[in-house]
Amino acid sequence: MLTLMMILGNLSINAQQDPEAKQILDKLSDKTKSHKSISTDFEVAFKNLKDNIQNTSKGNIVIKGDKYRLNFMNTVAFFDGKTVRNYLPEVREVIITEPVPVDADIFKNPKRLFTIYENDYKYQLIEQIEEGKKSYALIDLYPIDMEEDFSRIRLQVNTDDYFLKSATIFGKDGSHYTIAIDNYKTNEKFDDSYFTFNEKEYPNIEIVDMRW
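Since this is a predicted model, take the numbers as computed values, not measurements.

1. Digging into the overall build of the chain
For the chain, the count of helices and strands is 2 helices and 12 strands. What you see in the chain, going N to C, is helices and strands ordered as α-α-β-β-β-β-β-β-β-β-β-β-β-β. The contacts in the chain between residues at least 6 apart in sequence include a share of 47% that link residues at least 24 apart.

2. Digging into the sheet that holds strand E4 (residues 75-79)
Within a beta sheet, neighbouring strands are joined by backbone hydrogen bonds and run either parallel or antiparallel to one another. Ordered in space as E7-E8-E9-E10-E11-E1-E2-E3-E4-E5-E6-E12, the 12 strands form an open sheet in which the pairing is mixed. Strand pairing shows two members of the sheet lacking a second neighbour, strand E7 (121-131) and strand E12 (206-209), which therefore form its edges. Strand-to-strand twist of the sheet, defined as the mean angle between neighbouring strand axes without regard to direction, takes the value 20°. Here strand E8 (residues 134-143) runs beside strand E9 (residues 150-158); their pairing, made up of 6 bridges, is antiparallel. Within the sheet, the bridge partner assigned to Tyr136 lies in E9 and is Asn158. Of the strands in this sheet, strand E1 (38-48), E7, E8, E9 and strand E10 (164-171) are in contact with helix H2 (residues 19-34), which crosses E7 at around 85°.

3. So, the pairing of E1
Along E1, 8 of the 11 residues are buried, which leaves the element largely enclosed by surrounding structure. For E1 and strand E2 (residues 53-64), the ladder comprises 11 bridges, and the chain directions are antiparallel. Bridge assignment links Lys47 to a residue of E2, and that residue is Gln54. Between E1 and E2, which pair antiparallel in sequence order, lie 4 residues; one of them, Asn52, sits at a positive phi of approximately 55°.

4. Some points on the side chain of Asp18
Tracing the chain through its elements places Asp18 in the loop between helix H1 (2-15) and H2. Notably, Asp18 is buried but unbridged: the nearest opposite-charge side chain belongs to Lys22, and the N-O separation is 11 Å. In terms of polar contacts, Asp18 uses its side chain to reach the backbone amide nitrogen of Leu125, at 2.9 Å. Here Asp18 is in contact with Tyr123, Gln124 and Leu125, once residues within four sequence places are set aside.

5. Quick look at the nonpolar core
In terms of nonpolar packing, the biggest core is built from 35 residues, with Leu25, Tyr68, Ile139, Leu141, Ile153 and Leu155 touching the most fellow members. Non-local contacts of Ile153, meaning those with residues more than four positions away in its chain, are made with Ile116, Tyr121, Ile139, Asp140, Leu141, Ala167, Thr168 and Ile169. If you look at the next biggest cluster of nonpolar residues, it comprises 8 residues, including Phe78, Val94, Ile96 and Phe197.

Each value, and the rule that gives it
Residues numbered from 1 in each chain as written. Predicted model: local features only at pLDDT ≥ 70, side-chain atom pairs only at ≥ 80, totals over all residues. Heavy atoms only, no water. Helix = DSSP H or I, 4+ residues; strand = E, 2+ residues; numbered from the N terminus. Contact = heavy atoms within 4.5 Å. Pairing = 2+ DSSP bridges. Axes fitted to C-alpha atoms, helices over the stretch in contact; angles between N-to-C directions. Buried < 20%, exposed > 50% of the residue type's maximum accessible area, 1.4 Å probe, protein only. Lys, Arg positive; Asp, Glu negative; His and termini not counted. Salt bridge = Lys/Arg side-chain N within 4 Å of Asp/Glu carboxyl O. Polar contact = N/O pair within 3.5 Å; in protein donor to acceptor, adjacent residues only side chain to side chain. Core = buried A, V, L, I, M, F, W, Y, C linked by side-chain atoms within 4.5 Å.

Function cannot be inferred from these measures alone, as they are strictly geometric.
Here it is in structure tokens:
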């Protein structure tokens with residue numbers, strides 16, 4: 001019965017976009033793009049009930065225009081708008097790579113967390129809920145590309161201030177990731193040098209250039 005309900009739900013999603021969901025997502029997009037910078041903490045929780053695996057990792061990210069600086073899983077990623085430099089403090093190594101495409105998934109391009117809903121998805125408003133004094137909309141995104149390794153992404157959007165609270169990615173293998181976002185700060189001033197890895201500040205490191 002549950003499988004039948006999911007099939008019928010997906011048929012409905014494929015038929016048309018949900019106008020209520022679109023209105024909320026448009027406001028989220030406009031609000032996000034209006035900020036000169038965004039700084040936030042986050043926690044990624046991974047669950048695979050089949051293999052009884054659960055773990056969590058915390059991080060933080062600062063975004064300014066096309067640039068970002070990400071601290072996650074013992075790696076600090078600097079993206080100055082042109083090149084990604086991943087600094088691994090434990091092994092004192094820097095890996096230089098080309099930036100991934102703007103439409104890559106959020107684990108390859110963390111900026112996508114705030115704009116993932118804009119392209120290549122069908123969307124539906126599932127419900128609106130109250131948590132304390134705050135109101136949230138739960139919106140499911142369904143990938144148009146059926147070859148994706150996940151079936152849907154559920155966004156929890158604060159409809160009071162239009163900030164993204166969480167995104168849960170449901171894998172087709174039964175695992176899922178939940179990215180919970182906290183401690184939003186906007187429009188803080190960050191010099192461009194904050195997003196650039198300065199080799200002079202990290203002596204005696206090994207540089208690995210993976211660019212072609």
